[in-house]
Amino acid sequence: MHLVPPMDEEPPREFVAFVAVHLRAAQREAARLTGGPQHAHEISGQALADVGLHWRRLAWWNRLSRRDGRPHYLDRRLAIRARHWRADQIYPVEVQVGPAANGGPARPHAPEPTRTPPPRPRSSVALRKTALLPPTMRAQRRCDAEAAIAWADAYRRHRHHVYARVTATVVLMLVAAGHLVAALPD
């Protein structure tokens, strides 16, 4: 028996329903936080993956507190992801050359052309494939696709966390065993 059940490879129905309810609002909020819709999909997808990673813990906490904190957690993760996204952006800076040190006129300086990063795709493969579906199925399939992508990313990160915990436990046990052996009388 587990206090928090282990994570499944497939998203639970509750998570898919959560994504269906909150996807549009999350993308609108991500667009507001990033200054436009071009990066909203990336930020909202990462935030949904964060919710997926902590879904079991959030469900456990909801049972204890008897209130649903998952939308609030999604909002917090959107804000954090947007803040990290802004910190990673490269902003062009224009440099003005001042007068020369010997008092003479300043050398003319031609501004270097700014390099723009290559454009990122605006949608995932799953979203591009939904264009092939009949219009009545697109909205639900989009939510299903977003939930599956977010859950797969969360599951991958969960596996990395498990491997890190197991490795840390083994290292600590080896260190403790070494100290015990060293403490034994000869």
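Remember, predicted model here, so these are calculated numbers, not experimental data. (Residues numbered from 1 in each chain as written. Predicted model: local features only at pLDDT ≥ 70, side-chain atom pairs only at ≥ 80, totals over all residues. Heavy atoms only, no water.)

Brief notes about the overall build of the protein chain
Across its full length, the protein chain holds 6 helices and 0 strands. When the helices and strands of the protein chain are listed from N to C terminus, the series reads α-α-α-α-α-α. Expressed as a percentage of its 186 residues, the buried residues of the protein chain come to 29%. Once local pairs closer than 6 in sequence are excluded, the contacts in the protein chain between residues at least 24 apart make up 69%. Counting every atom, the protein chain has about 13,900 Å² of accessible surface; 60% of that belongs to carbon and sulfur. (Helix = DSSP H or I, 4+ residues; strand = E, 2+ residues; numbered from the N terminus. Buried < 20%, exposed > 50% of the residue type's maximum accessible area, 1.4 Å probe, protein only. Contact = heavy atoms within 4.5 Å. Areas by Shrake-Rupley, 256 points an atom, 1.4 Å probe, with all protein chains shown as cover.)

A closer look at the confidence of the model for the protein chain
Per-residue pLDDT for the protein chain has a mean of 79; in total, 74% of the residues score no lower than 70. Put simply, helix H5 (residues 125-130) is where the protein chain has its lowest mean pLDDT, 65, and helix H4 (residues 70-88) is where it has its highest, 90. (pLDDT = per-residue confidence, 0-100.)

Describing helix H2 (residues 40-53)
If you check H2, its first and last C-alpha atoms are 20 Å apart, about what 14 residues at 1.5 Å a residue would give, namely 20 Å. A large share of H2 lies buried, amounting to 11 of its 14 residues. Along H2, the residues classified as buried are Ala40, His41, Ile43, Ser44, Ala47, Leu48, Ala49, Asp50, Val51, Gly52 and Leu53. (Expected span 1.5 Å × (residues − 1).)

Quick notes on the environment of Ala59
Following the sequence through the fold, Ala59 ends up in helix H3 (residues 55-65). Once the C-alpha coordinates of Ala59 and Arg70 are considered, the two residues, 11 residues apart in sequence, prove to be 8.1 Å apart.

What to know about the packing of aromatic side chains
The way to describe two aromatic rings as a pair is by their centre distance and the angle between their planes. A full pass over the atoms with the stated rule returns 3 aromatic pairs. Ring pairs connect the aromatic residues Phe15, Phe18, Trp55 and Trp151, which therefore count as one cluster. The side chain of Arg57 reaches across the aromatic face of Tyr73, ending 5.8 Å from its centre. Residue placement shows Arg70 over the ring face of Trp55; its charged tip is 4.4 Å from the ring centre. (Phe/Tyr/Trp six-rings, centres within 6.5 Å; stacked < 30°, edge-to-face > 60°. Lys NZ or Arg CZ within 6 Å of the ring centre and 35° of its normal.)

Structural notes on unusual backbone geometry
At Arg66, a residue that is not glycine, the phi angle is positive and equals roughly 60 degrees. One can find Arg66 in the loop between H3 and H4. When its relative accessible area of 75% is taken as the criterion, Arg66 is described as exposed.

Concerning the packing of helix H1 (residues 13-34) against H2
Between H1 and H2, the least distance of the axes is 8 Å, while the angle of their chain directions is 135 degrees. The pairing of H1 with H2 is recorded here as oblique in orientation. H2 is crossed by H1, and the crossing has right-handed handedness. Contact residues: Phe15, Phe18, Val19, Leu23, Ala26, Gln27, Ala30, Ala31 and Thr34 in H1; Ala40, His41, Ile43, Ser44, Leu48, Val51 and Gly52 in H2. (Axes fitted to C-alpha atoms, helices over the stretch in contact; angles between N-to-C directions. Parallel < 35°, antiparallel > 145°, perpendicular 65-115°, else oblique. Left-handed = near helix turned anticlockwise from the far one by under 90°.)

Comments concerning the nonpolar core
Within the largest apolar cluster, 30 residues are counted, with the highest numbers of intra-cluster contacts made by Phe15, Leu48, Val51, Leu74 and Leu78. Elements represented by at least two residues in this core include exactly H1, H2, H3, H4 and helix H6 (135-183). Ranked by the residues each element gives to this core, the list is headed by H1, at 9 residues. Excluding its chain neighbours within four sequence positions, the residues that come into contact with Leu78 are Ala26, Glu29, Ala30, Leu33, Ile43, Ser44 and Ala47. (Core = buried A, V, L, I, M, F, W, Y, C linked by side-chain atoms within 4.5 Å.)

Section: the side chain of Arg70
Note on placement: Arg70 falls in helix H4. Arg70 gets classed as buried once you look at its relative accessible area, which sits at 18%. With residues near it in sequence (within four places) discarded, Arg70 still touches Phe18, Trp55, Leu58, Ala59 and Asn62.

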